Every structure is written in structure tokens, then in C-alpha cells.
Amino acid sequence: MAIASQKLDTLLSFDAEKLKRELLTLADEYWSDHVNADVYHGEWRLLPLRALADHENANVILQANQIHSNGVWVNLPVLEKLPVINELLSQIQAPKKSVRLMMLGKGAKILPHRDNDLCIEKQAARLHIPILTAAEVQFYSDGKPLDMKVGELWYVNANLEHSVINDSETERLHLVMDIQPNDWLMSQFDEASLITSQTAPTAQCLAELTKKLLQGEKDFVALMPVVKQMADIYSAWTDIVLDDDMNNWDDIDTGAGVAISPLQAAKCQVEPIRTQTFLLANQAAITDILASRLSSGEGYIEPIKILYAGTGPWGSILTPLLPGLKKVPVHVTCLDIHPENVTALQKVLQQLDVEDRVTIHCADATKWCPPEDHRFDLLISETMSGFLCREPQVTIFSHLQQFLKPDGKLIPENIRTSIWMGEPASVFDAEKIGSFGDKSGLPFKLADLLHLNRETAAAIHRGEQEPLNFEFELPEVQGIIDRFYQVTDIIVYKEHYLDLQQSSLCTASARMHFQGGSGDIVKYRYVINEAPVWEVQLPDYFAKQPVLQADEKSEKGLVYLPRLWSKYRLMSTPHYDAQGLQKEFEQDVAFCNFFEIPCFNIMNFMTNGYPTLQEFEDWFSRQANSYEQIKIEEANKLFMSV
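Worth saying up front: this structure is predicted, and the values here are computed from it rather than measured. (Residues numbered from 1 in each chain as written. Predicted model: local features only at pLDDT ≥ 70, side-chain atom pairs only at ≥ 80, totals over all residues. Heavy atoms only, no water.)

**Student:** So what exactly am I meant to see when it comes to the overall build of the protein here?
**Tutor:** For the protein, the count of helices and strands is 19 helices and 28 strands. What you see for the protein is a C-alpha radius of gyration of 33 Å, clearly larger than the 26 Å of a compact globule of 642 residues, by over 25%. Along the longest, intermediate and shortest principal axes, the C-alpha atoms of the protein span 95 × 85 × 40 Å. Sorting the 642 residues of the protein into buried and exposed places 52% on the buried side. Contacts spanning at least 24 positions in sequence make up 75% of the contacts within the protein whose residues lie at least 6 apart. Separation between the mean location of the 56 positive side-chain charges and that of the 89 negative ones in the protein comes to 1 Å. (Helix = DSSP H or I, 4+ residues; strand = E, 2+ residues; numbered from the N terminus. Rg over C-alpha atoms; globule rule 2.2 N^0.38 Å. Buried < 20%, exposed > 50% of the residue type's maximum accessible area, 1.4 Å probe, protein only. Contact = heavy atoms within 4.5 Å. Lys, Arg positive; Asp, Glu negative; His and termini not counted. Charge placed at Lys NZ, Arg CZ, Asp CG, Glu CD.)

**Student:** Before we go on, may I ask you to explain the sheet that holds strand S23 (residues 469-473) in this structure?
**Tutor:** Spatial ordering of the open sheet is given by S23-S27-S28, a layout of 3 strands whose pairing is antiparallel. Here the strands that pair on one side only, and so sit at the sheet edges, are S23 and strand S28 (533-537). Across the sheet, the axes of successive neighbouring strands diverge by a mean angle of 20°, strand direction being ignored. Relative to strand S27 (residues 521-527), S23 runs antiparallel, the two being bridged by 5 bridges. Paired with Phe470 across the bridge in S27 is Tyr524. (Pairing = 2+ DSSP bridges. Axes fitted to C-alpha atoms, helices over the stretch in contact; angles between N-to-C directions.)

**Student:** So what exactly am I meant to see when it comes to the state of the cysteines here?
**Tutor:** Chemically, a disulfide is nothing more than a covalent bond linking the sulfur atoms of two cysteines. One pass over the structure, following the stated rule, counts 0 disulfides. For Cys119, which is in no disulfide, the shortest distance to another cysteine sulfur is to Cys205 and amounts to 20 Å. With relative accessibility at 3%, the residue Cys119 sits in the buried group. Its sulfur unpaired, Cys389 is 14 Å from the next cysteine sulfur, which belongs to Cys506. (Disulfide = S-S within 2.5 Å.)

**Student:** What exactly am I supposed to notice about the sheet that holds strand S12 (residues 162-166) here?
**Tutor:** Paired through backbone hydrogen bonds, the strands of a sheet run either parallel or antiparallel to each other. The strand order across the open sheet built from 5 strands is S3-S7-S12-S9-S10, with neighbouring strands paired in antiparallel fashion. Two strands close off the open sheet at either side, each with one partner strand: strand S3 (40-41) and strand S10 (144-146). In this sheet, S12 lies alongside strand S9 (residues 137-141) in antiparallel orientation, the contact comprising 5 bridges. Counted as the bridge partner of Ser141 is His162 from S12.

**Student:** Looking at this model, I keep getting lost on the pattern of salt bridges. Mind explaining?
**Tutor:** Two side chains that carry opposite charge are able to pair once their charged atoms sit near each other. Counted by the stated rule, this structure contains 24 salt bridges. Residues Arg45 and Asp33 are paired through a salt bridge, measuring 3.5 Å at the closest nitrogen-oxygen approach. Of this pair, Arg45 sits in strand S4 (residues 44-52) while Asp33 sits in strand S2 (residues 32-33), and the two are 12 residues apart along the sequence. The buried category is assigned to Arg45, whose relative accessible area is 18%. When its relative accessible area of 47% is taken as the criterion, Asp33 is described as partly exposed. Between Asp243 and Arg114 there is a salt bridge, and its shortest N-O distance comes to 3.3 Å. Highlighted residues: Asp243 in the loop between helix H7 (220-238) and strand S14 (252-253) and Arg114 in the loop between strand S7 (109-113) and strand S8 (125-132), separated in sequence by 129 residues. Judged by its relative accessible area of 26%, Arg114 is partly exposed. Each of Arg293, Glu302, Asp377 and Lys405 takes part in salt bridges that share partners, so that together they form one network. (Salt bridge = Lys/Arg side-chain N within 4 Å of Asp/Glu carboxyl O.)

**Student:** Please clarify how the environment of Asp117 should be interpreted in this entry.
**Tutor:** Relative to the helices and strands, Asp117 is located in the loop between S7 and S8. Judged by its relative accessible area of 43%, Asp117 is partly exposed. For the pair Asp117 and Asn157, spaced 40 residues apart in sequence, the C-alpha separation works out to 9.1 Å. Every residue in contact with Asp117, bar those within four places of it in the chain, is listed here: Lys122, Ala124 and Asn159.

**Student:** Whenever I open this one, the packing of helix H17 (residues 599-606) against helix H18 (residues 613-623) confuses me. Can you help?
**Tutor:** The relative placement of two packed helices is expressed as an angle between their axes plus a distance between the axes. For the pair H17 and H18, the least separation of the axes is 12 Å and the interaxial angle reads 145°. For H17 against H18, the interelement crossing comes out right-handed. Taken together, the residues of H18 that come into contact with H17 (itself represented by Asn601, Ile602, Phe605 and Met606) are Glu615, Phe616, Trp619 and Phe620. For the contact of H17 with H18, a count of residues per class yields 6 nonpolar, 1 polar and 1 charged. (Left-handed = near helix turned anticlockwise from the far one by under 90°. Nonpolar A, V, L, I, M, F, W, Y, C, P; charged D, E, K, R; others polar.)

**Student:** Explain the nonpolar core here, please?
**Tutor:** Among soluble globular proteins, nonpolar side chains are generally buried collectively. Counting 97 residues, the largest nonpolar core has Leu400, Phe472 and Tyr524 as its most contacted members. For this core, the element with the most residues is helix H9 (residues 272-295), which contributes 10 residues. Aside from chain neighbours lying at most four places away, what touches Leu400 is Leu307, Ala309, Leu335, Ala365, Trp368 and Leu379. Counting residues in each nonpolar core, the second largest holds 38 residues, with Leu47, Met103, Ala125 and Ile179 among its members. (Core = buried A, V, L, I, M, F, W, Y, C linked by side-chain atoms within 4.5 Å.)

**Student:** How should I be thinking about the packing of aromatic side chains in this particular structure?
**Tutor:** Any aromatic ring pair is given by two values, namely how distant the centres are and how the planes are angled relative to each other. Counting across every chain of the model gives 29 aromatic pairs. Centre to centre, the rings of Phe472 and Phe484 are 5.9 Å apart; their planes meet at 75°, and the pair counts as edge-to-face. Pair noted here: Phe472 is in strand S23 and Phe484 is in strand S24 (residues 484-493), with a separation of 12 residues, a long-range link. Here Phe472 and Phe484 have matching classes, each one buried. (Phe/Tyr/Trp six-rings, centres within 6.5 Å; stacked < 30°, edge-to-face > 60°.)

**Student:** Even after reading the chapter, I still don't get the pairing of S7, so can you show me in this structure?
**Tutor:** As a general feature of sheets, a regular strand has side chains that alternate between the two faces. Across 2 bridges, the pairing between S3 and S7 is antiparallel. What sits directly across from Tyr40, in S7, is Ile110. Bridge count between S7 and S12: 3 bridges; the pairing is antiparallel. When the sheet's bridge partners are listed, His113 is paired in S12 with His162.

**Student:** I'm lost on unusual backbone geometry in this one. Help?
**Tutor:** A negative phi angle characterises most non-glycine residues, just as the trans form characterises most peptide bonds. Residue Pro412 is reached from Ile411 by a cis peptide bond, and omega for that bond is 5°. Locating Pro412 in the fold gives a position in the loop between strand S20 (404-411) and strand S21 (414-421). One non-glycine residue, Phe387, lies in positive phi territory at about 60°. Along the chain, the position of Phe387 falls in the loop between strand S19 (376-380) and helix H11 (393-400). Residue classification places Phe387 among the buried positions, given a relative accessible area of 4%.

Quick look at the structure:
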């Protein structure tokens, strides 16, 4: 495990005020903007003090940013103007490479990023000495805040993700150096951190983190460091590292959905509430099955048989529980289509000393069949994306449910898709207050779509189409409906659920770019193919809306206004007859000019939310130079015969 960023034991001695005065004497020509503009907002400037010998007389930009090299490093002439920094550097008793002053402007941010391989484990060390800072400066390393104070010496593991936010009213200035690790440097570290970093992670480490995860509150921020540490342990055991390039790993097409790459599957581990909820659900389901067996009164307890389909490389929603079940008769059959996942999972099971209780098959879970008489108590599979698209969850459940015992259980117990008017913040809160049927205000649930559970999975396996086809009416509302929300939430097991925003699986995505009216029918059909998707038939409200005649009058008696409204509300639809209506454009302009309203303003208003005729007339009357009755009558005389 890597040595974390930390304050070192060295007590530095220097005159901070004298150093600030020295720095004020330096001209702007010594400073350069950081070249990596993609990773910061605001002002981030550098002043190089040591550079590669090849760049000794080069541009300051090159001196400041060419820092990753094993070449010869030399002091730059500017260092002679800074005796306090020279004295400070003499206290760092290790070979120095790049040395720079780094200034972050007030209000500036350095975005989360990594400097690959810049850490002690790779024979490189980055040290920070704060020269000017404030309590409002926030430095994060690997998700943890570092409270850096002026004059302290800090090791920053730049190979880990780090970021800075300067919310203070002054610049933040650090002296930053990259050095070659040696005995002096290693002597500055806390001994416990070195022991931790040099000791291979054990099953006991994972057990302690699992306990912390299971007992923790459902809090994303609090749980994130726990799942990250768990991922570090899995990575150390399997050599599958989350920071690897996704392009190095391949998905597999099952014909019924995409089996995501081993790396992408591993990344699911660090969704804290998702991992916590599945572990709690699996623990509860196994406990219930065991309790049922014990209550039967039989002396012999039949082993609990678990089928785990699509394990990924770590099996992280079940494997951490297995060491704690050593006194429970459990056997797990694991399926995964990726050979890399099978190899990695074998390593995890060996580390946990539970490989004798697990059988692994490198197989396609959408087609695999067990021996004829083999039936399972629990089927676990989390092979899905939001709204059940792309991945093969539906086919895996519909195929494998046939191998469950009559009282067998599914995890997740129920994956629910639905349609909402307005974007809900929480499906489960809405259930608690009974607002599903209340359509007096937004948001409210409009329709249930596929609820993937044991009953529907069995129906899909039988070839029934009803669980995959849905239609619903748009509700009674004023005006045009141009969006609703496609929602996914998951009852993993009993009280263990995933709500919106608690996981990337549970989303509320807007379905837009259509126009519907009250009572219009919307149809959804779930299609199982190489990347499962919903086919949707949306209403076309404007297909049945005519362009009104010029002599039709508005509520206040103005002619031509209804025709103008009915034409321009079609502008953003396929039904706008640009060529046919172009010949009326001069007449439109004349009508608008009569009321001293730019025709362009009307176009903008009409394409922004599909106003009703009454809303349009209200807006028009407020924009007009006059909308008195006498003005309307005069307009009617001019435009009645158009």
C-alpha cells in the first residue's frame, strides 16, 4: 500500500517575513503560468529555482514545466537573489531535482488530478513547504484534507488524486521540490505509516473495513474513504488498478447485453452506498435462509447454495462476507464471461481463504446451465445500467431464475422502472407520503414500467410479452407536455434499497424533444438485443393542430393574432411550413410593426415553452405600444382581409 501524504518530522528554520520581502523584489519575468490549463481555474503561476542543465538558459516556461527527467539538475541564477530560500533548501538533506515556487491566486482551484508515478514507491518524492497560506485554503489528497501550515514540511503523494481550493482573500504560495528518496527522507516519516505501507494488505484488513462499511450510516462522504481502501486491497491482490486506462480493457457482447470490462466492473466497488447496500442485502438474505433452515428442526442443515452471476474481478458485493460465514454451510457458484475476472477472483478467494467454498465458471450467464438436479437458494446478479439499458440484467435473471428452488430469492429483489412528471428527488420518500397518485403538483408518478423481479423474470423466460410492453396517457395539464422523467430505483432486499442519487444505477433521466397534449398515448417496449434499449412511441401533438385562419379573433377580439400564434408555435416542430408561410412574412412584420413589437421577439417567445393563445395574447398586450380597444379595432380594419 502507498505511503499517504503527511507532515514530516523535520522542524524547518527560516524567517518567513524576510522571505516575503525577498520575493517582492522579483520581476514578473521570472514567473510563468502553469501550462496544464485543463486542471485549474483562476491563476496558478510558477517560478523555477532549479531546472535541467539542458534548460538552464531556456525560456522560463520550459524551465518551470519540464520536471520529469533523470537528467542533471542545476540551480538557476534567480536563486542567488533569494538567500532565505537557499538556507531553507540546505535543510533538506536529500538530492534535489526540480525546485519551484508555486503561487495559487485567491479564488483559484486546482482540479482533482494525478502526477503519475510521483511517489516514494516509484523512487520520487514531492515535498511542499507553505510560505504563505490561510485557513480557507483546502488541499485534498486521496479524498482527505491536509492541514498545511506555514513553515511545515509535507510529503505529498502526487501519484494519488489531489486538488486545491483557495477560498481565501490572498494568494497561496508554496515552495515545492521533487527529490530523490534517501535514508534522511525516510527517517522523517511516522514509523506507523511506513509499517502500514510496507505490509501487504491482509484479509483481516478487508474484514475491518467491511465491518466499518456495514455498520456505517448511509452517507456517501463518510463511506467513500472506506470503499477506496477496500479497492486498494483488491488492487494489491489482483493487479487490477482503478487508475488504469479504460482503453486497455474490452467489453464482451453477449447478444443480450454488454458484459462491461473488468476495469469498469471494478470501478463499481467505489460507489459507496451501492456497495454497502448490496452487502447488507446479501447478508440479510443469507441470514433469513439460515434462520428458515434452523426453524425446521432438522438436525442436518442443508448447505445454502448461492449462484452469483457477473462477479466482476473482485466479487465485491459478496466475497467480503464469506470469511464471516465459515460456520455456516454455504457454497457459492460464480459465473463471469471475462477470463481476467475469473483469474482475479481466484486470487481474492485465496487471500480470504474461502476458495474451497466457491466454484468459478468462466461462462456466459445468459446461457449457462447447472447440472440437471442442481437448484439454488439465492441468485445474485448486478449486471445493469440505469433504466435497465445496455447490460444483460434482464436476460440473466429471466434465464437463471429457473434454477432457483421454489422459495429461492433474487438479489436485487425488485428493479423498478417508472415514468414521472417532474423530476423526483426520492422515489422512496414519495412512497412513504403516498404521493404516487396525487397529481395536484409536481413531481408525481405517471406510470410503472418494467419491475424486474422473480415473477416478471419467469414470465419473460416463458416468452410472455406483457412484462415488456407498456402504454400510458399523458395527464390533464394546461399547454404542451414536452418532457417527462425515466426513473430507476431498486429494492435490493426487504428494507435495503437504492434510491435516486445513491448510485449510478438509480437515475432520473429526462425524455425530451417531443410535444404531447392531455390524453395522448405514450408507448414503451423493452427490446432485448446486443445492447438492450427501450423503443418509445411519443405523441405528436402538433400533427393535429391546424394553422388558424387570419380572420379568427383572439379573446380580446384581435384578428390575425391567433394565426400568428398558431404558425410560430410550429417553428421548432417538423410541421412548420417554412416555404409556404414565407410569403406571409411581410404581413407578419407589418402586423408586429403596427403594435411596435419586433417580429424577432415574437419568434423567441413562441419557441420558449409553447405558450397557449391566452398566454401569448397576455404577453403581446404587455409588449405593444397600446392595446386599447380603439387600437384593436384599427388593426382589425387593416388585417381582416388578409
